[in-house]
Amino acid sequence: MDIAKRFSQNPLLKPSDLKPAITGMEIACLLNPGVFCYNNKIWLLLRVAERPVQKEGVISFPIYNAKGEIEVLSFDKDDSRLDATDPRVIGYNGQDYLTTMSYLRLVSSIDGITFKDESEFPPIFGNGELESFGIEDCRVATMDDGFWLTFTEVSPVAVGVGLIHTSDWENFDRHGMIFPPHNKDCAIFEEKINGKYYALHRPSSPALGGNYIWLAESPDRFHWGNHKCIATSRKDMWDCARVGAGAAPIKTEQGWLEIYHGADHNHRYCLGALLLDLYDPSKVLARSKEPIMEPIAGYEQTGFFGNVVFTNGHLVDGDKITMYYGASDEVICAAQLSITEILSTLK
Ligand code: MAN
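Residues numbered from 1 in each chain as written. Predicted model: local features only at pLDDT ≥ 70, side-chain atom pairs only at ≥ 80, totals over all residues. Heavy atoms only, no water.

Chemist: Whenever I open this one, the site of the ligand confuses me. Can you help?
Modeler: Around the ligand, the structure places N32, R47, R88, D137, K184, Y269, F305, F310 and D329. The separation between an oxygen atom of the ligand and a polar side-chain atom of N32 is 3.0 Å. Between the ligand and R47, the relevant distance is 2.7 Å, taken from an oxygen atom to a side-chain nitrogen or oxygen of the residue. Computed on the free molecule, the ligand has an accessible area of 310 Å², of which 91% lies beneath the protein chains in the complex. (Near = heavy atom within 4 Å. Polar contact = N/O pair within 3.5 Å; in protein donor to acceptor, adjacent residues only side chain to side chain. Areas by Shrake-Rupley, 256 points an atom, 1.4 Å probe, with all protein chains shown as cover.)

Chemist: Even after reading the chapter, I still don't get the sheet that holds strand 1 (residues 5-6), so can you show me in this structure?
Modeler: For sheets, the rule is that strands pair by backbone hydrogen bonds, running either parallel or antiparallel. Overall, antiparallel pairing links the 4 strands, which are arranged 1-26-25-24 in an open sheet. Strands with a single pairing partner mark the edges of an open sheet, and in this sheet they are strand 1 and strand 24 (309-317). Relative to strand 26 (residues 331-338), strand 25 (residues 320-327) runs antiparallel, the two sharing 8 bridges. The partner of M323 across the bridge, within strand 26, is A335. (Pairing = 2+ DSSP bridges. Helix = DSSP H or I, 4+ residues; strand = E, 2+ residues; numbered from the N terminus.)

Chemist: I tried to follow the sheet that holds strand 7 (residues 89-92) on my own but got confused; where do I start?
Modeler: Ordered in space as 6-7-8, the 3 strands form an open sheet in which the pairing is antiparallel. With one partner strand each, in any of the chains shown, strand 6 (82-83) and strand 8 (95-98) form the two edges of the open sheet.

Chemist: For this particular structure, what's the right way to read the nonpolar core?
Modeler: For soluble globular proteins, nonpolar side chains are generally found buried alongside one another. If you look at the biggest cluster of nonpolar residues, it comprises 24 residues, and the most contacted ones within it are L257 and I342. For this core, the secondary-structure elements that each account for two or more residues are strand 21 (255-263), strand 22 (269-276), strand 25, strand 26 and helix 2 (339-345). When residues no more than four places from it in sequence are discounted, the contact partners of L257 are P249, I250, T252, A273, L274, L275, I339, I342, L343 and L346. Formed by 22 residues, the second largest nonpolar core is a distinct cluster that contains F7, L44, V107 and A334. (Core = buried A, V, L, I, M, F, W, Y, C linked by side-chain atoms within 4.5 Å. Buried < 20%, exposed > 50% of the residue type's maximum accessible area, 1.4 Å probe, protein only. Contact = heavy atoms within 4.5 Å.)

Chemist: What should I look at first to understand the pairing of strand 22 in this one?
Modeler: The side chains of a regular strand alternate, residue by residue, between the two faces of the sheet. Judged by how many residues are buried, strand 22 sits mostly within the fold: 8 of 8 residues are covered. Burial of strand 22 is two-sided: the residues Y269, L271, A273 and L275 facing one way and the residues C270, G272, L274 and L276 facing the other way are all buried. Hairpin connection of strand 21 to strand 22: 5 residues between the antiparallel strands, including H267 at a positive phi of 60°.

Chemist: Explanation requested: the state of the cysteines in the structure shown.
Modeler: In a disulfide, the sulfur atoms of two cysteines are covalently bonded to one another. Counted according to the given criterion, the structure contains 0 disulfides. Note on C333: no disulfide assigned, nearest cysteine sulfur contributed by C29 at a separation of 13 Å. Here C333 falls in the buried class, since its relative accessible area comes to 0%. (Disulfide = S-S within 2.5 Å.)

Chemist: Mind showing me how you'd approach the packing of aromatic side chains here?
Modeler: Aromatic ring pairs: the centre-centre distance and the angle between the two ring planes describe each pair. By the definition in use, this model includes 21 aromatic pairs. Through a chain of ring-to-ring contacts, the aromatic side chains of F36, Y38, W43, F121, F147, W169 and F172 assemble into a single cluster. One residue, R88, lies across the ring of F305, its end atom 3.8 Å from the ring centre. Over the face of the ring belonging to W148 we find R221, whose NZ or CZ atom lies 3.8 Å from the ring centre. (Phe/Tyr/Trp six-rings, centres within 6.5 Å; stacked < 30°, edge-to-face > 60°. Lys NZ or Arg CZ within 6 Å of the ring centre and 35° of its normal.)

Just geometry here; none of it tells us what the structure is for.
Rendered as structure tokens:
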């Protein structure tokens, strides 16, 4: 059952609301923001996906070249070596590329509804070989020693998880790739458990196994080990093809509550919940049988890549979760959920 109360103002942000940050590009999509509070304001760290304005008969997209400069590649649409069936990915002659280049960008708000561009804060662009196709879907863990950003690094050799630390959103310490390929959807718990840091992450195993949610622990957030698989995809269910963590788990009296995404074989993305033991988060106490949110609004069904609700950021105030999410991989929306109500669906 869908229990998300969508904001009547949705979508809160669409591509035309912002100016492209890369010269000569247009914004194709706004996606999946990280969320945090800073300086008495609510902030979204948006994933912005840009590409050149598309010309008739040609598909063109940006990459970073070896010198770290943006370069545009173009293929004729009728070239038989081209596979452009998925709007997100281009296959050409055995090599995969992305149709857009993603980077991270800050917007802020007083009321959590109207967001304004924060152009005095620099966007975070992909940097170096492992991010030459861009960076995506950043989770922001707010901890007593600053903000810990985990995001997807994309390049021709891999999809993995990168880590950045910042305290002021102007100076960034890049710590490289913390979860090697193929891995994404990494959410760090915002406090230690039994003296250790924990994170959810999503490796993919191409042979045995699949796209499952794992738990890892760390003494310092840079070195991760003791990996355990805690949630697999489930045959014939709404999350039968892949699952992945959303934002940092929410501490409740009954356990750590994690809102995660699951997709089926038609790439329909819904959200569900996991409840993890407070003292041993590798123990799954409960899991949604049915989604708690499904793509049912028009803006969630039609867009750059339709039938998607995808979240990796929220604010919690008592029982109330204000969840920000990407709809149809194109616009930014928000919805409210009650922790008590989510927990009651897990009984
Ligand atoms: C993947 C990621 C997300 C995206 C979904 C739906 O999980 O690339 O960023 O929102 O697919 O396309």
